[in-house]
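If you want the building blocks of each chain, they are given just below.
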Amino acid sequence: MEDFWSSDSVLKHDLDLVREQIRNTVDQSHGFIKSLLKGHVNSGGKMLRPALVLISSRLGNQDSRFDAIKVASILEMVHLASLIHDDILDMALTRRGLPTLYAKVGAKQAVLAGDYLLSKAMALVGDSKGDLKASAVANAFGRLCESELDQDAAQGDFFISKPTYIRRIAGKTAALFALSCYAGAATTKAELTDQYRMHRFGYAFGMSFQIQDDILDYVGNENDLGKQTGRDLQCGIPTIPLILALAEERKNNSNRPLAALLTDKGRQMNNKDTAKAVRMVVDLGGIEKSSHMCDVYRERALADLSLLSNTEVSSTLRSLFIKLIDRPS
Ligand code: FPP
Ligand code: MG
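The text that follows walks through the structure, step by step, so that each part is easy to find. (Residues numbered from 1 in each chain as written. Chains lettered and ligands numbered in written order. Predicted model: local features only at pLDDT ≥ 70, side-chain atom pairs only at ≥ 80, totals over all residues. Heavy atoms only, no water.)

1. A closer look at the packing of helix α2 (residues 31–41) against helix α5 (residues 101–125)
Interaxial distance between α2 and α5 falls to 10 Å at its minimum, and their mutual angle equals 100 degrees. Considering their axes alone, α2 and α5 lie roughly perpendicular with respect to each other. Contacts from Phe-32, Ile-33, Leu-36, Leu-37 and Val-41 in α2 reach Leu-101, Val-105, Gln-109, Ala-113, Tyr-116 and Leu-117 in α5. Among the residues forming the contact of α2 with α5, the class breakdown is 10 nonpolar, 1 polar and no charged. (Axes fitted to C-alpha atoms, helices over the stretch in contact; angles between N-to-C directions. Helix = DSSP H or I, 4+ residues; strand = E, 2+ residues; numbered from the N terminus. Parallel < 35°, antiparallel > 145°, perpendicular 65-115°, else oblique. Contact = heavy atoms within 4.5 Å. Nonpolar A, V, L, I, M, F, W, Y, C, P; charged D, E, K, R; others polar.)

Right under this line is the structure:
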């Protein structure tokens, strides 16, 4: 992932400063927690959320650039904390091909280490920066937790509606993307219309990103993903390809074999059942229909970008968006 940002040397440099800020923050932790967190914060993610903060901060006053680096570090630390917690909920043993904190130290210590990282991020928020208010940051984190709670409480219920799914991914993913895009512009006190547009862009970006991720869970290349396909189904998590496939089946087929398979097996689906369900979802057009839905958010995101006052920022974000949303696997 080191090379992902190589075409933008300023951004690459600023992301190094974000990594340094996070490392310094973790280094100030109690010895035992420090050793737990060190591997986790260096695990080589793309740093997408901080990059969005930094690019959007170019819309405003560059005297506040260093505040934007701090805000970018806060959002990345919260994202990392949420992944620690997510791996516990999913009982995931690996992430990006590396052992999770949950796998290394178990749920009790991992949940506390995640909380600790979150508290360190909160300590950096301090006073509001530019137009960015701590309450905007806290609200997005609240949405993250609400959506994960909702998803967990209904785990194993495959028959949810499209609006329920949309609400879930809006909270789980789009809220933090929207916050990241807005936070950079707010920190450097960009024009208010640009701040709003960045928020809308981030929301549509997050929605298309999550839909694409959910499509890849069905049809992605397992080597590139670093995880098995069909994992959402096996974890009892219904996503948009399944929801749209079930709707299609309801319309056309009186037997409804996919619904019957899910009802029979529930959360006890073995690898063979999962592979069968994945094939049915594909055959019922679940992937194609989900891609159309992704395209709707894609168009919305690009429309908001085209209205930004700074064409250089708009073109940088456009290239990034296309690179990520059109990712092959
Ligand atoms: C990964 O999505 C998970 C998230 C985007 C959010 C997780 C949030 C929580 C656990 C709430 C706790 C929040 C804080 C602020 C500590 P995914 O499960 O769809 O993707 P994956 O395949 O990467 O696991
Ligand atoms: Mg997960």
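2. Notes on the packing of helix α3 (residues 48–57) against helix α4 (residues 65–90)
Angle between the axes and distance between the axes: these two values describe a pair of packed helices. Relative orientation of the contacting elements α3 and α4 amounts to 155 degrees, with a least axis distance of 8 Å. It follows from the interaxial angle that α3 and α4 lie roughly antiparallel. Between α3 and α4 lies a crossing of right-handed hand. Facing Arg-49, Pro-50, Val-53, Leu-54 and Ser-57 of α3, the residues of α4 in contact are Ala-68, Ile-69, Val-71, Ala-72, Leu-75, Glu-76 and His-79. Broken down by class, the residue content of the contact of α3 with α4 amounts to 8 nonpolar, 2 polar and 2 charged. (Left-handed = near helix turned anticlockwise from the far one by under 90°.)

3. Points about the pattern of salt bridges
The final tally for this structure, using the stated rule, is 12 salt bridges. A salt bridge links Arg-95 to Asp-86; the nearest nitrogen and oxygen atoms lie 3.3 Å apart. Given a relative accessible area of 27%, Arg-95 falls into the partly exposed group. Its relative accessible area of 15% is what places Asp-86 among the buried residues. In this structure, Lys-251 and Glu-248 form a salt bridge, with 3.4 Å as the shortest nitrogen-oxygen distance. Here Lys-251 pairs with Glu-248, and both are found in helix α11 (residues 240–252), just 3 residues apart, close to one helical turn. (Salt bridge = Lys/Arg side-chain N within 4 Å of Asp/Glu carboxyl O. Buried < 20%, exposed > 50% of the residue type's maximum accessible area, 1.4 Å probe, protein only.)

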